Amino acid sequence: MTAYQVRAKRTVDLSPGTLDQVRTGMTNVVNGAGGTAHQASLDNIEVAGKTGTAQWGPKHKERTAAWFSGFLPTDQPKYAFAAVYEGDVGSKVHGGSAAAPMIADVFKEIYKGEKLASRQQRRAREQPEVRRAEPVEEEDESD
């Protein structure tokens with residue numbers, strides 16, 4: 001058995017703002033109202049990902065592959081994943097309905113029994129404190 005040191009092979013030069021937008025978009029794919037991978041969401045940990053679908057072959061024998069890739073937890077990634085599902089001839093499969101549930105099953109098993117912060121608790125920590133404006137008493141200028 002051989003162990004190798006972790007090293008960056010290549011880096012992508014992204015600004016922190018761009019990286020944050022990508023992370024937010026991938027988080028919304030699983031957790032947002034219009035996301036395509038709701039079936040990958042977990043109760044106690046936030047998943048970020050991207051779905052996809054590809055078709056190939058002649059029309060009368062067309063096949064579809066569905067994929068889902070991403071990482072979790074979103075705030076401090078520990079795992080990266082990718083799943084591909086190849087549909088039978090003529091079947092219509094999508095990343096969110098075929099590949100995303102496979103990922104959910106794997107990570108439900110990995111995180112089984114762990115007490116993690118709920119989604120509401122994580123969101124509350126992420127929300128900045130909003131200070132309320134206080135009324136100002138106006139001075140009477142007739143004095």
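Right, let's walk through the structure included here. If you're wondering where the values come from, they're calculated on a predicted model, not measured in any experiment. (Residues numbered from 1 in each chain as written. Predicted model: local features only at pLDDT ≥ 70, side-chain atom pairs only at ≥ 80, totals over all residues. Heavy atoms only, no water.)

## Overview of the pattern of salt bridges
Put simply, the rule is: Should a side-chain nitrogen of Lys or Arg be within 4 Å of a carboxyl oxygen of Asp or Glu, the pair is scored as a salt bridge. Runs of H or I in DSSP of at least four residues are treated as helices and runs of E of at least two as strands, each being numbered from the N terminus. Exposure classes here rest on a 1.4 Å probe applied to the protein chains alone. A residue is buried below 20% of its type maximum, exposed above 50%, and partly exposed in between.
Tallied over the full model, the rule gives four salt bridges. Where arginine 63 meets glutamate 86, a salt bridge forms, and the shortest distance between an N and an O atom there is 3.6 Å. Of this pair, arginine 63 sits in strand 2 (residues 63-72) while glutamate 86 sits in strand 3 (residues 79-86), and the two are 23 residues apart along the sequence. Using a relative accessible area of 27% as the deciding quantity, one classes arginine 63 as partly exposed. Between glutamate 109 and lysine 112 there is a salt bridge whose closest N-O contact spans 3.0 Å. Neither residue differs from the other here; glutamate 109 and lysine 112 are each classed as exposed. Within this structure, Lys59, Glu62 and Lys92 form a network of salt bridges that share partners.

## A look at a nonpolar patch on the surface
To keep it simple, the criterion reads: Only residues whose relative accessible area exceeds 30% and that form no salt bridge enter a patch; like-charged residues are grouped when within 9 Å of one another, and nonpolar side chains (Val, Leu, Ile, Met, Phe, Trp, Tyr) when within 5 Å. Note on areas: Shrake-Rupley with a 1.4 Å probe; residue coverage comes only from the protein chains shown.
There is a patch of nonpolar side chains on the surface, built from Val12, Leu14 and Leu19 and spanning about 290 Å² of accessible area. With respect to the helices and strands, the residue leucine 19 is situated in helix 1 (residues 16-31).

## Thoughts on helix 2 (residues 95-110)
The α-helix winds at 3.6 residues per turn, so residues separated by three or four positions along the chain end up facing the same way. For clarity, the cut-off: Helices are assigned an expected span. That span is 1.5 Å times one less than the residue count. Here a residue-residue contact requires only that any non-hydrogen atoms of the pair lie within 4.5 Å.
Here helix 2 is 16 residues long and its end C-alpha atoms lie 21 Å apart, about the 22 Å a rise of 1.5 Å per residue gives. Gly95, Gly96, Ala98, Ala99, Ala100, Pro101, Ile103, Ala104 and Phe107 are the residues of helix 2 that are buried. Buried-residue contacts for helix 2 involve strand 1 (48-56), strand 2 and strand 3.

## Focus: helix 1
Counted at 1.5 Å a residue, the expected span for helix 1 with its 16 residues is 22 Å, and the 22 Å between its end C-alpha atoms agrees. All buried positions along helix 1 are accounted for by Met26, Thr27, Val29, Val30 and Asn31.

Any link to function would need more than the numbers given here.
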